[in-house]
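# Reading the structure
So you can see what is in the structure, the chains are spelled out below.
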Amino acid sequence: MSKRVLTTESGAPVADNQNSATAGVGGPLLLQDQHLLEKLARFNRERIPERVVHARGSGAYGHFEVTDDVTGFTHADFLNEIGKRTEVFVRFSTVADSLGGADAVRDPRGFAVKFYTREGNYDLVGNNTPVFFIKDPIKFPDFIHSQKRDPFTGRQEPDNVWDFWAHSPEATHQVTWLMGDRGIPASYRHMNGYGSHTYQWTNSEGEAFFVKYHFKTNQGIRCLSTEQAQEIAGQDPASHQTDLLQAIERGVHPSWTLYVQLMPVAEAADYRFNPFDLTKVWPHKDYPLQRVGRLVLDRNPDNVFAEVEQAAFSPNNFVPGIGPSPDKMLQGRLFAYADAHRYRLGVNHTQLAVNAPKAVPGGADNYGRDGFMASNAQGRHAKNYEPNSYDGPVETGRPLSAPLAVSGHTGTHPAPQHTKDDDFFQAGELYRLMSAEERSRLIANIAGGLAQVSRDDVIEKNLAHFHAADPEYGKRVEEAVRALRED
């Protein structure tokens, strides 16, 4: 059997891939060595800008299968029949560190699911926590700057981290999650995933519901202590990637059961918490979990760069029956995610195999043309404008979701206050749900970071948040910080 012939980018056969062309034996290299120059030039361009957040990630393919009837709440095609399966790609990630960071760190985890539905791709972009640190996207760049490397020291600084939280009391709930036992998952397989944001479902009669997504791991929750994580990160910085890859390769396919909480639209205005506040949860006693289906991952990517690094998720990729809510953080991400991918990957990133919709043969059917790496010329008779007289694709006139009611004047308004909308009540509720041992570990984790802060006023502001959440919570953090600072 003859071997395949190595070629240049232009398809010419390569005579020698071991030795560069020189001016005589031992002489200087020749500019005419096209193969050498091409290899070096391509090598210089192998990397693209990493994600500003969620840079370090892993991914896998699989399917989602509907197990329960939810057609009374949404007319989304991929959810309209028990037993229906939809191909998915899921990307997990850490948030704050760079592409070269370790997996086993105390950080939220991204949990992004791309459903390749028959009505287009649906991207559900969330985390492994049901809440987040802030409730307004205008604060997001400042928040991320405070958590990433300091411009002068080049390292994450406790002063910056805790100073931002000191001025953002709404972060107290998420800080309690992050510093608790679930702050460092043992693997991507052993953590839950949440849509986190509030979304909208619309049924075939046009009735709308607000919805929150909960992916419950079927492997059970497993987490690491700070000490365990430090040891694992030193031994294998790619520990979560290793675990996911090897589990799927040996036929152990991780799965999650999807549940939703559903709120009739009419109930949102008078609910005790602002249902569109990303720093709040909907207690399950108010809106119980309803099972939807099962997510299974059973195939690893063949190329991590092509399929994980170039995977592009955007929460504005909706399908009929699903849409946005007035959640301000979600509204900001509807722009920011897609724009990040246009910057990193180019305007034609949706033509890449991992991102291309499978609903339409040949990819998306629209009038977008040209730009870097364009591959959708569509032939000499295809027009690039609409409307036209040449049988091009046309609009349906059917909105994907129900319209959102609006009223009042434009302006920079704070979110409307609901009866229980302080920044501390739910953080206190979470603390009081913890066992004695969980509380002790939470206190130690918070104090270990807060005690490193150099400014007393920043420490006092943060302590006030924990006191407001629960008197015992605040008292114990204060005592633990004092003890560490006196050592």
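Residues numbered from 1 in each chain as written. Predicted model: local features only at pLDDT ≥ 70, side-chain atom pairs only at ≥ 80, totals over all residues. Heavy atoms only, no water.

### With respect to empty space enclosed by the protein
- Under the counting rule described, the total for this entry stands at 5 cavities of 30 Å³ or more.
- Empty space within the largest cavity amounts to approximately 70 Å³.
- Along its surface, the largest cavity is lined by Asn128, Trp177, Arg182, Pro185, His190, Met191, Asn192, Tyr194, Ile221, Arg222 and Cys223.
- Counted by class, the lining of the largest cavity contains 6 nonpolar, 3 polar and 2 charged residues. (1 Å grid on protein atoms, 1.4 Å probe; cavity = no way out; pocket = protein on both sides within 12 Å on 5 of 7 lines; lining within 4 Å. Points joined across faces, edges and corners; volume = space filled by probe spheres on them. Nonpolar A, V, L, I, M, F, W, Y, C, P; charged D, E, K, R; others polar.)

### Focus on the packing of aromatic side chains
- If you walk through the whole model with that rule in mind, you get 30 aromatic pairs.
- On the basis of an interplanar angle of 75° and a centroid distance of 6.0 Å, the ring pair of Trp201 and Tyr213 is categorised as edge-to-face. Of this pair, Trp201 sits in strand 6 (residues 199-202) while Tyr213 sits in strand 7 (residues 208-217), and the two are 12 residues apart along the sequence. The burial state of Trp201 is the same as that of Tyr213; both residues are buried.
- Taking the centre distance of 6.0 Å and the plane angle of 35° together, the rings of Phe273 and Phe425 count as tilted. Here Phe273, found in the loop between strand 8 (255-264) and strand 9 (290-299), pairs with Phe425, found in helix 9 (residues 425-433); they are 152 residues apart in sequence, far enough to count as distant.
- You can call Phe425 partly exposed: its relative accessible area is 23%.
- The rings of Phe64, Phe78, Phe115, Tyr122, Tyr199, Trp201, Tyr213 and Phe318 are connected pair by pair, giving a single aromatic cluster.
- Arg299 extends its terminal NZ or CZ atom over the ring of Tyr61, reaching a point 4.0 Å from the ring centre. (Phe/Tyr/Trp six-rings, centres within 6.5 Å; stacked < 30°, edge-to-face > 60°. Helix = DSSP H or I, 4+ residues; strand = E, 2+ residues; numbered from the N terminus. Buried < 20%, exposed > 50% of the residue type's maximum accessible area, 1.4 Å probe, protein only. Lys NZ or Arg CZ within 6 Å of the ring centre and 35° of its normal.)

### Quick notes on the pattern of salt bridges
- Here the structure, examined in full by the defined rule, presents 28 salt bridges.
- Of the charged contacts, one joins Arg189 and Asp243 as a salt bridge, the two residues approaching to 2.7 Å between their closest N and O atoms. In this pair, Arg189 is assigned in the loop between helix 4 (172-179) and strand 5 (193-194) and Asp243 in helix 6 (residues 239-249), connecting sequence segments 54 residues apart.
- Under the relative-accessibility criterion, Arg189 is labelled buried at 9%.
- Glu472 is the partner of Arg439 in a salt bridge, and the nearest nitrogen-oxygen pair spans 3.0 Å. With Arg439 in helix 10 (residues 436-450) and Glu472 in helix 12 (residues 471-486), the pair connects residues that are 33 residues apart, well separated along the chain.
- Judged by relative accessible area, which is 17%, Arg439 ranks as buried.
- Look at Glu472 and you get partly exposed, because its relative accessible area is 35%.
- Three or more residues are tied together by salt bridges with common partners; here these are Lys135, Asp277, Lys280 and Asp423. (Salt bridge = Lys/Arg side-chain N within 4 Å of Asp/Glu carboxyl O.)

### Quick notes on the pairing of strand 3 (residues 109-117)
- With 9 of its 9 residues buried, strand 3 lies for the most part within the structure.
- The alternating pattern of strand 3 places Arg109, Phe111, Val113, Phe115 and Thr117 on one face and Gly110, Ala112, Lys114 and Tyr116 on the opposite face, and all of these are buried.
- Across 7 bridges, the pairing between strand 2 (residues 85-94) and strand 3 is antiparallel. Counterpart to Phe92 in the pairing with strand 3 is Phe111.
- Sheet topology note: the strand 3/strand 4 (residues 120-127) ladder contains 8 bridges and is antiparallel. When the bridges of strand 4 are listed, Lys114 appears paired with Asp123.
- Between strand 3 and strand 4, which pair antiparallel and follow one another directly, the connecting turn spans 2 residues. (Pairing = 2+ DSSP bridges.)

### Structural notes on the UniProt feature "domain: Catalase core" (unreviewed entry) in the protein chain
- Here, UniProt's "domain: Catalase core" (unreviewed entry) annotation points to residues 7-394.
- Between the C-alpha atoms that bound residues 7-394 the distance is 43 Å, and the span itself is 21% helix and 20% strand. (UniProt positions renumbered as here; feature names shortened; annotations may be inferred.)

### Describing the packing of helix 3 (residues 158-166) against helix 11 (residues 456-469)
- The N-to-C vectors of helix 3 and helix 11 enclose an angle of 50°; their axes lie 8 Å apart at closest approach. One way to sum up the angle between helix 3 and helix 11 is to call them oblique. As helix 3 packs across helix 11, the resulting crossing turns out to be left-handed. Residues Trp162, Asp163, Trp165 and Ala166 of helix 3 touch helix 11, and the partners they reach there are Val458, Lys461, Asn462, His465 and Phe466.
- Residues of the contact of helix 3 with helix 11, tallied by class, amount to 5 nonpolar, 2 polar and 2 charged. (Axes fitted to C-alpha atoms, helices over the stretch in contact; angles between N-to-C directions. Parallel < 35°, antiparallel > 145°, perpendicular 65-115°, else oblique. Left-handed = near helix turned anticlockwise from the far one by under 90°. Contact = heavy atoms within 4.5 Å.)

### Examining the pairing of strand 8
- For strand 8, a buried count of 8 out of 10 residues is recorded, marking the element as mostly surrounded by other parts of the structure.
- Sheet topology places strand 7 next to strand 8; 9 bridges connect them, and they run antiparallel. Across the sheet, the residue bridging to Thr217 is Trp256, located in strand 8.
- Pairing of strand 8 with strand 9 involves 6 bridges; the strand directions are antiparallel. By the bridge assignment, Leu258 is partnered in strand 9 with Gly293.

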